[in-house]
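# Residue-level structure breakdown
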Amino acid sequence: MDTATTSTLSSTRSIERIVQGVATSDGAGVSLTRVLTGKLQRRLDPFLMLDAFGSDDPDEYIAGFPEHPHRGFETITYMLHGRMRHRDSAGHEGLLENGGMQWMIAGRGAIHSEIPEQEEGLMEGFQLWLNLPTANKMAAPWYKDFPTSEIPEYRTPDGVTVRVIAGSSNGVAGAMTREVTEPLYLDIHLPAGANFATAIPSTHNAFIYVYRGAVQVGDTRVEVQRMGILANSPGADGLALTASEDARLILVAGKPLNEPIVQYGPFVMNTQEEIHQALDDYRNGRFA
Ligand code: CO
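The structure presented is a predicted model; accordingly, all values stated were derived computationally and were not measured.

### Quick notes on the overall build of the protein
Of the regular secondary structure elements, the protein holds 1 helix and 27 strands. By the compact-globule yardstick of 19 Å for 288 residues, the protein fits well, its C-alpha radius of gyration being 18 Å. For the protein, the spread of C-alpha atoms along the principal axes amounts to about 55 × 45 × 30 Å. With 288 residues in all, the protein has 52% of them scored as buried. Sequence separation of 24 or more characterises 74% of the internal contacts of the protein that already satisfy a separation of 6 or more.

This is the structure:
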């Protein structure tokens, strides 16, 4: 593991708003918390959705996500605990497990399934949807599995461990780099009392989601299972926080596209006509 000293920021972003996710169910009956919902798509452009799943009750996850399509965006599935088998219409297959990540660019269309490969124990992780710019919505689909060993990590002198899923943080490049939206995606583990800071481009929309413990950002405490939307404060060059207790959180940031967002379930395009086209293409087998 690399070691890195954390950035010295001239000014940290503050928390603009705390969001509590909505309990829902998706796929064939998987219980999850929708943290980033449709209402926040404009505020958190280029991110379209964040689902947090976490249960040790197999009834809440066993049925998984049978075959379904996507068009017009990217999905990033980060598995903290558990095993999930992925298959898609292009003949790809992979196993996502403990600490691994799968990045899929659905582009013009992918049909896939995500089915748990465990009958008991904890299944926990996140699925994040990242929008594609207009010019790339109909690009060829692509995906890659990153086992946990292929996700770069670093440790700070304060004992903070950071897993760099995308973008770069404190000089450490992540598993994925994307143009246009330039996503930053970190999984940060802090012992109680530790401080942490990382740069975030001032152009980016950004949020944190705390999944263990609690953290303090300026005057605001962000509790477990809460999202904190970071203010786009002029002049703020990153995020500094302190762990109120042992804490784990994800930090997600990206450059907004400022393009129209029209969503119909698993299709996210720029116009209603493109949604009709997506439905027509899917129904007529033009996705595979
Ligand atoms: Co899917």
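### Notes on helix α1 (residues 272-283)
Given a rise of 1.5 Å per residue, 12 residues ought to cover 16 Å, and the 17 Å separating the end C-alpha atoms of α1 matches this to within 8%. Among the residues of α1, I275, A278, L279 and D281 are the ones counted as buried. With its buried residues spanning 165° around the axis, α1 presents them on a single face. Projecting away from the buried face of α1 at angles above 90 degrees are the exposed residues E273 and R283.

### Looking at empty space enclosed by the protein
Tallied over the full model, the rule gives 3 cavities of 30 Å³ or more. Of the volumes computed, that of the largest cavity is approximately 40 Å³. Lining the largest cavity are T77, M84, H86, L96, Q102 and E114. The residue makeup of the lining of the largest cavity, split by class, is 2 nonpolar, 3 polar and 1 charged.

### What to know about the sheet that holds strand β25 (residues 247-254)
Strand order in the open sheet formed by 8 strands is β1-β14-β15-β18-β25-β20-β23-β2, and the pairing between neighbours is mixed. The sheet is open, and its two edges are formed by β1 (2-3) and β2 (15-20), each paired on a single side. As judged from the 7 bridges shared by strand β18 (residues 184-190) and β25, these two strands associate in the antiparallel manner. Note on β25: the bridge partner recorded for I188 is L249.

### So, unusual backbone geometry
A cis amide bond links D45 to the next residue, P46, at an omega of 15°. Even without glycine at this site, E182 takes up a positive phi of about 45°. Positive phi, normally seen in glycine, also occurs at Q225, with a value near 60°. Within the secondary structure, Q225 is located in the loop between β22 (220-222) and β23 (226-230).

### Let's talk about the sheet that holds strand β5 (residues 47-55)
Strand pairing within a sheet occurs via backbone hydrogen bonds; the two strands may be parallel or antiparallel. Taken together, 7 strands build an open sheet; the order of strands is β3-β4-β5-β12-β7-β10-β13 and the sheet is antiparallel. In this open sheet, the two edge strands, each paired with only one partner strand, are β3 (22-26) and β13 (142-146). Going from strand to strand, the sheet's axes swing by 20° on average, the running direction of each strand aside. As paired strands, β3 and strand β4 (residues 30-36) are joined by 5 bridges and run antiparallel to one another. By the bridge assignment for β4, V22 is matched with R34.

### A short note on the nonpolar core
Counting 32 residues, the largest nonpolar core has M101, F126, Y185 and M227 as the members making the most contacts within it. In this structure M101 touches I76, T77, Y78, L96, K144, D145, F146, I151, I165, A175 and M176, once residues within four positions along its chain are discounted. Among the nonpolar cores identified, the runner-up in size contains 28 residues, and A4, I15, L190 and V215 belong to it.

### Observations regarding the pattern of salt bridges
Enumeration over the complete set of coordinates arrives at 17 salt bridges. Across the pair R83 and E117 runs a salt bridge whose closest N-O atoms are separated by 3.4 Å. Remark: E117 occurs in the loop between β11 (110-116) and β12 (123-131) and R83 occurs in strand β8 (residues 83-88); sequence separation between them is 34 residues. On the basis of relative accessible area, R83 is assigned to the partly exposed category, the value being 31%. Residue E153 pairs with R163 through a salt bridge whose shortest N-O separation is 2.7 Å. One end of the pair, E153, is in strand β14 (residues 153-155); the other, R163, is in strand β15 (residues 161-166), and 10 residues separate them in sequence. Look at R163 and you get buried, because its relative accessible area is 5%. Overlapping salt bridges, with partners in common, bring together R83, R85, R87, E93, E97 and E117 in one network.

### Notes on the pairing of β5
Taking burial as the measure, the 9 residues of β5 include 8 buried ones, the bulk of the element. As judged from the 3 bridges shared by β4 and β5, these two strands associate in the antiparallel manner. Paired with T33 across the bridge in β5 is A52. Pairing of β5 with β12, which is carried by 8 bridges, proceeds in the antiparallel orientation. Of the residues in β12, the one forming a bridge with F47 is L130.

Analysis parameters
Along each chain, residues carry numbers from 1 onward, in the same order as the chain's sequence is written. Side-chain atom pairs in this predicted model are given and counted only at pLDDT of 80 or more, local residue features only at pLDDT of at least 70, and totals for whole chains, interfaces and linings cover all residues. Think of the side-chain values as coming from all heavy atoms in the structure, minus any hydrogens and water. Helix numbering and strand numbering both begin at the N terminus, where a helix is a DSSP run of H or I of at least 4 residues and a strand a DSSP run of E of at least 2. Only the C-alpha atoms count toward the radius of gyration. The rule for a globule is 2.2 Å times the residue count to the power 0.38. Categorising residues by exposure relies on relative accessible area from a 1.4 Å probe, with only protein chains included: less than 20% of the type maximum marks a residue as buried, more than 50% marks it as exposed, and the intermediate range marks it as partly exposed. Any two residues whose heavy atoms approach within 4.5 Å are treated as being in contact. A helix is expected to reach a length of 1.5 Å times the quantity of its residues less one. The directions from the helix axis to the C-beta atoms are what the arc is built from. The method works on a 1 Å grid over the protein atoms by themselves. A cavity is a set of points holding a 1.4 Å probe that cannot get out, a pocket is an open set with protein on both sides within 12 Å along at least five of seven lines, and residues with an atom within 4 Å of a point line them. Grid points are joined across faces, edges and corners, and a volume is the space filled by probe spheres set on the points. Residues are grouped as follows: Ala, Val, Leu, Ile, Met, Phe, Trp, Tyr, Cys and Pro are nonpolar; Asp, Glu, Lys and Arg are charged; every other residue, Gly included, is polar. The pairing criterion is simple: DSSP has to find at least two bridges between the two strands. Each axis is a line fitted through C-alpha atoms, taken for helices only over the stretch in contact, and angles between the N-to-C directions span 0 to 180 degrees. Think of a nonpolar core as a cluster: buried Ala, Val, Leu, Ile, Met, Phe, Trp, Tyr and Cys residues, connected wherever their side-chain atoms sit within 4.5 Å. By definition here, a salt bridge exists when the distance from a side-chain nitrogen of Lys or Arg to a carboxyl oxygen of Asp or Glu is within 4 Å.

Worth remembering: the numbers are spatial, not functional.
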